[in-house]
Amino acid sequence: MKTEGPGKPAARPAEATGRAARTHRAAEQRLSGIAVSPGIVIGQIHDTTQAPAEVPRRSVTDDRVEAERTRLTDAAAFSRKQVSKLKTRLSVLPEEAQEELEPLLDAYILMLGNSRLLRGARKRIGDELLSAETAVQDEAEAIAALILAAKDDDKAGLNRRAGEVREIARRLVRNLTATPFRSLKGVPAGAILISDELTPADAALLEPGRVAAVATEEGGADGHTAIMLRALGIPAVLGCPGLTTAARRGDQAVLDGGAGRITLHPGAEALAAAKEGLAAQAKERARLGKLRRLPAETTDGQQVELQANLEIPAELPLIANAGAQGIGLLRTEFLFMNREDLPDEDAQVEAYRRIVEAMGQDPVTIRVLDWGGEKDMEALAQGVPVPTGPNPALGLRGIRLLLKKPELLEEQFAAILRVAHLGNVRILLPMVTVPKEVAQAREIYERVARRLRRRGETLPEKLPPLGAMIETPGAALAADAIALEADFFAIGTNDLAMYTLAVDRAEIDVAHLYDPLHPAVLRLMQFATEAALRLRMPVSVCGEMAGNPKLVPLLLGLGLRSLSMNASSIPRVKQAVRSLDIDDCARFARRVMEQSDPARIAQLVERFGRKAD
Ligand code: PEP
Ligand code: MG
């Protein structure tokens, strides 16, 4: 988690009252966000964006004064951006909440300009030779003390003003220190964890048994954080503006991940409805549980392979319970997250061995490192060239980065090859855009295999298949050429939609434009699928689309017979498969592919999907 994601006012001090505190009145308050992971939870809020521990006092030498002042100016500018961004989100809140919050945020923005706080801190840096954060803290305390000492009967008002100064100071300090948030472990069991932002690396640290639900201000439905939350089966609402300002630690709340709603201080009626929802949820789970042992077979006897995506090993038990036929996408990024060095070959072997052995003879498709894009580059292990350009998603991402840093790819290939004889392994290359990338990766792959054999390692006689992700429009349109180099395709609809529509999958402001049912995305999927089928090459879909039961008729109709999704979606997708006839699906897909309006497609899919759901 970033120290302070955009749009998050720092934790409100306990003494703050009046305008700020009025948003905390115990009246029921409903907040809306993006429905990311279904499930109803009644629990207590655990705000993880509380102020960090006191930053140690630090002096600086004369020659650092200007540098410290620049740091302060930068942190103020960044903080202003954060608060302004939050302000733009207010429009989705109920009017009453907007009226409460707007003046407060305006006051913050003023304080982050040429305010007494910033002028004073700047002066202290030079006069007292203090670090920027120490100067900010000292100046804020001095201003707060002055405010509180004023002769005024409105003590609540004084407290509020002092609290606001301290709050802004905390925001500045947080941005100055960029202290990574690391208190996810202390979350009380059953809590609803809220935060300004949760990165995929943070999500990897969550304990699914403890954290009952997650809600954040930032984030979209198909970002990696969302994917991980779904995979862990943690009900979640992301992109919920005003959340961290409205809720505080200990508040009772109901989170409905399917509806994208959080109700703070629920009244009797809301609580009763939530309890009813919980009972229905338990019944539905029991019903879907019964599907586990039944085949994923259409009414006319067509087998469909339903596999699981795995982001962290903690999901393995969920995968076993879901009745997955193997892992269709093992995202190996988790191995590189939350650590300062690179995992060496042996450490990787251990990680892959655990997973491959746990899956027995079921296929395990291991995707080599897909670093870059929105995947939390701050946490990037040392030694990997971090994409630093203005557009990381268009930069050194996935296979591009690995070919630039072949030692990394060699090590990962070696580790995967060393466990390949233990099960049924396949290897997948991310972010391929040109056939040559597959050819180059294969050269390295075969070289590594030869070296391992010379070293006396046990390798399967036939090397595991080497496949390509089809997740850019370039790859989809060149699928016929890439098919000549790759052994299989996995269509990554998350990135395919992002790159086709030029919409960042984790960016809330454009979330409404992110639409995998856009005809452009569907046509690319169709083209790539047909290119594979012509060569009788295995092709699957492993983006989030694959886990949506309503989309199953369309995917089957396009000719796909292998879907990989978060484990918790498998039962419902299986239920959909078992209700469908392939000829109906093919007819339906033809009808969809004739449409040009995404809204019309969504309507058709909804209507047909209802039958299957
Ligand atoms: C995709 O892009 O659809 C995909 C499966 O890869 P990831 O979500 O890991 O980028
Ligand atoms: Mg992708």
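Residues numbered from 1 in each chain as written. Chains lettered and ligands numbered in written order. Predicted model: local features only at pLDDT ≥ 70, side-chain atom pairs only at ≥ 80, totals over all residues. Heavy atoms only, no water.

### Observations concerning the overall build of the chain
Quick reminder of the rule: Secondary structure elements are defined from DSSP: runs of H or I of at least 4 residues count as helices, runs of E of at least 2 residues count as strands, and each element is numbered from the N terminus. Partly exposed residues are those whose accessible area sits between 20% and 50% of the maximum for their type, while under 20% is buried and over 50% is exposed, using a 1.4 Å probe and protein chains only. Contact definition: two residues touch when any of their heavy atoms are within 4.5 Å. A 1.4 Å probe and the Shrake-Rupley method give the accessible areas. Residues count as covered only by the protein chains that appear here.
A count of helical and extended segments in the chain gives 23 helices and 16 strands. For the chain, with 613 residues in total, the buried portion stands at 57%. Within the chain, counting contacts between residues at least 6 apart in sequence, those at least 24 apart form 72% of the total. Approximately 24700 Å² of the chain is accessible, and the part contributed by carbon and sulfur atoms is 52%.

### Structural notes on the packing of helix 12 (residues 345-358) against helix 14 (residues 406-420)
Defined as follows: Here an axis means a line fitted to C-alpha atoms, over the contact stretch when the element is a helix, while the angle between two N-to-C directions is reported on a 0 to 180 degree scale. When describing relative orientation, an angle under 35 degrees is termed roughly parallel and one over 145 degrees roughly antiparallel, while 65 to 115 degrees is termed roughly perpendicular and anything else oblique. Should the near helix be turned counterclockwise from the far one by less than a right angle, the crossing is left-handed, whereas a clockwise turn marks it as right-handed. Following the grouping adopted for this structure description, the nonpolar residues are Ala, Val, Leu, Ile, Met, Phe, Trp, Tyr, Cys and Pro, the charged ones are Asp, Glu, Lys and Arg, and the polar ones are all others, Gly among them.
At a closest axis distance of 8 Å, the pairing of helix 12 and helix 14 adopts a crossing angle of 40 degrees. Compared by their axis directions, helix 12 and helix 14 come out oblique. As helix 12 runs across helix 14, the sense of the crossing is right-handed. Here helix 12 contributes E345, D346, Q348, V349, Y352, R353 and V356 to the contact with helix 14, which in turn contributes E411, Q412, A414, A415, I416, R418 and V419. Along the lines of polarity and charge, the residues of the contact of helix 12 with helix 14 split into 7 nonpolar, 2 polar and 5 charged.

### Regarding the sheet that holds strand 7 (residues 252-256)
Condition: Two strands make a pair as long as DSSP finds a minimum of two bridges between them.
Ordered by their spatial adjacency, 8 strands build an open sheet running 1-8-7-3-4-5-6-2, and the pairing between neighbours is mixed. Edge positions in the open sheet fall to strand 1 (29-32) and strand 2 (34-37), since each of these has one partner strand only. On average, each strand axis in the sheet is inclined to that of its neighbour by 30 degrees, with strand direction left out of account. Of the pairings in the sheet, the one linking strand 4 (residues 191-195) to strand 5 (residues 211-216) comprises 5 bridges and is parallel in character. Opposite I192, over in strand 5, you have A213 as the bridge partner.

### As for the site of ligand 1
Note the cut-off: Residues are classed as near a molecule or strand on a simple rule: at least one heavy atom within 4 Å of it. Whenever two N or O atoms come within 3.5 Å, that pair is a polar contact, provided that in protein one can donate a hydrogen and the other can accept it, and provided that, for residues adjacent in sequence, both atoms are side-chain atoms.
Of all residues adjacent to ligand 1, which total 17 residues, the nearest are R331, R367, G492, N494 and R505. R331 places a side-chain nitrogen or oxygen 2.6 Å from an oxygen atom of ligand 1. A total of 290 Å² of accessible area belongs to ligand 1 in isolation, and the protein chains cover 100% of it. Ranked by residues supplied to the shell around ligand 1, first place goes to helix 18 (residues 493-501) with 3 residues.

### Observations regarding the nonpolar core
What counts, and what does not: Throughout, nonpolar core names a set of buried Ala, Val, Leu, Ile, Met, Phe, Trp, Tyr and Cys residues whose side chains join them through atoms within 4.5 Å.
V214, F413 and F489 are the most contacted members of the largest nonpolar core, which has 128 residues in total. Considering every element that reaches this core, the biggest residue donor is helix 14, with 9 residues. With residues near it in sequence (within four places) discarded, F489 still touches A468, I470, A479, I482, A483, A528, A532, M537, P538, V539 and S540.

### Focus on the packing of aromatic side chains
Stated precisely, the cut-off is as follows: Note on aromatic pairs: the rings of Phe, Tyr and Trp (six-membered ring only in Trp) are paired at centre separations within 6.5 Å, and the planes decide the class, stacked below 30 degrees, edge-to-face beyond 60, tilted for the rest. Only Lys NZ and Arg CZ are tested; either one counts as a charge over a ring when it is within 6 Å of the ring centre and within 35 degrees of the ring normal.
In the structure shown here, the tally under the stated rule is 2 aromatic pairs. The ring centre of F488 lies 3.8 Å from the NZ or CZ of R426, which sits over that ring.

### Points about unusual backbone geometry
Positive phi values are uncommon outside glycine, yet L129 reaches one of about 50 degrees. Examined against the element boundaries, L129 turns out to sit in the loop between helix 4 (116-128) and helix 5 (132-149). Its identity is not glycine, yet A502 carries a phi of approximately 55 degrees, on the positive side. Tracing the backbone shows A502 in the loop between helix 18 and helix 19 (519-534).

### Structural notes on the coordination of the magnesium ion (ligand 2)
Definition in use: Only N, O and S atoms count as donors, using a 2.8 Å limit from the metal and a wider 3.2 Å limit for Na, K and Ca, and since water is excluded some coordination spheres may look unfilled.
Protein ligation of the magnesium ion (ligand 2) involves E471 (OE) and D495 (OD), the donor distances falling in the range 2.0 Å. Residue E471 is located in the loop between strand 13 (466-470) and helix 16 (473-477), and its partner D495 is located in helix 18; the two are separated by 24 residues in the primary sequence. We note that E471, like D495, is buried.

### Details of helix 15 (residues 435-454)
The criterion, for reference: The span you would expect from a helix comes to 1.5 Å times its residue count less one. Read the arc as the range of directions from the helix axis to the C-beta atoms.
Over its 20 residues, helix 15 runs 29 Å from end to end, which matches the ideal 28 Å to within 8%, given 1.5 Å per residue. Listed in full, the buried residues belonging to helix 15 are E437, V438, A441, R442, I444, Y445, V448, A449 and L452. The buried residues of helix 15 occupy an angular sector of 170 degrees when the element is viewed end-on, so they sit on one face. Across helix 15 from its buried face, at more than 90 degrees, point the exposed residues K436, E443 and R454. Packing partners of the buried residues in helix 15 comprise helix 12, helix 13 (399-404), helix 14, strand 12 (424-429), strand 13 and helix 17 (479-482).

### Re the confidence of the model for the chain
If pLDDT is low for a region, its predicted coordinates should not be looked at in detail. Let me state the cut-off plainly: The pLDDT value expresses, per residue, how confident the predictor is, ranging between 0 and 100.
Residue-level pLDDT values for the chain average 86, and 87% of them are 70 or greater. Contacts for the low-pLDDT stretch residues 1-25, under 50 throughout, to residues beyond four places or in other chains number 104 contacts.

### Some details on the packing of helix 18 against helix 19
What describes two packed helices is the angle between their axes and the distance between those same axes. One way to put it is that helix 18 packs onto helix 19 with a least axis distance of 9 Å and a crossing angle of 125 degrees. Regarding the angle of helix 18 to helix 19, the classification is oblique. The interaxial crossing formed by helix 18 with helix 19 has right-handed handedness. Contacts from T493, L496, A497, T500 and L501 of helix 18 reach helix 19 at A520, V521, L524 and M525. For the contact of helix 18 with helix 19, the class distribution of residues is 7 nonpolar, 2 polar and no charged.

### Regarding the pattern of salt bridges
We count it as follows: Definition used for salt bridges: Asp or Glu carboxyl oxygen within 4 Å of a side-chain nitrogen of Lys or Arg.
Inspection of the entire model under this criterion finds 32 salt bridges. Here E606 ties to K550 by a salt bridge, and the two come within 3.6 Å at their closest N and O atoms. Pair noted here: E606 is in helix 23 (residues 598-612) and K550 is in the loop between strand 15 (539-541) and helix 20 (552-557), with a separation of 56 residues, a long-range link. Each of R58, R64, E68, R71 and E133 takes part in salt bridges that share partners, so that together they form one network.

### Considerations on helix 18
Of all 9 residues that make up helix 18, 8 are buried, and the element is covered over most of its length. Residues of helix 18 that are buried make contact with helix 8 (224-231), strand 10 (327-331), helix 16, strand 14 (489-491), helix 19 and strand 15. Taken from the residues just after helix 18, A502 is the one with a positive phi, measuring 55 degrees.

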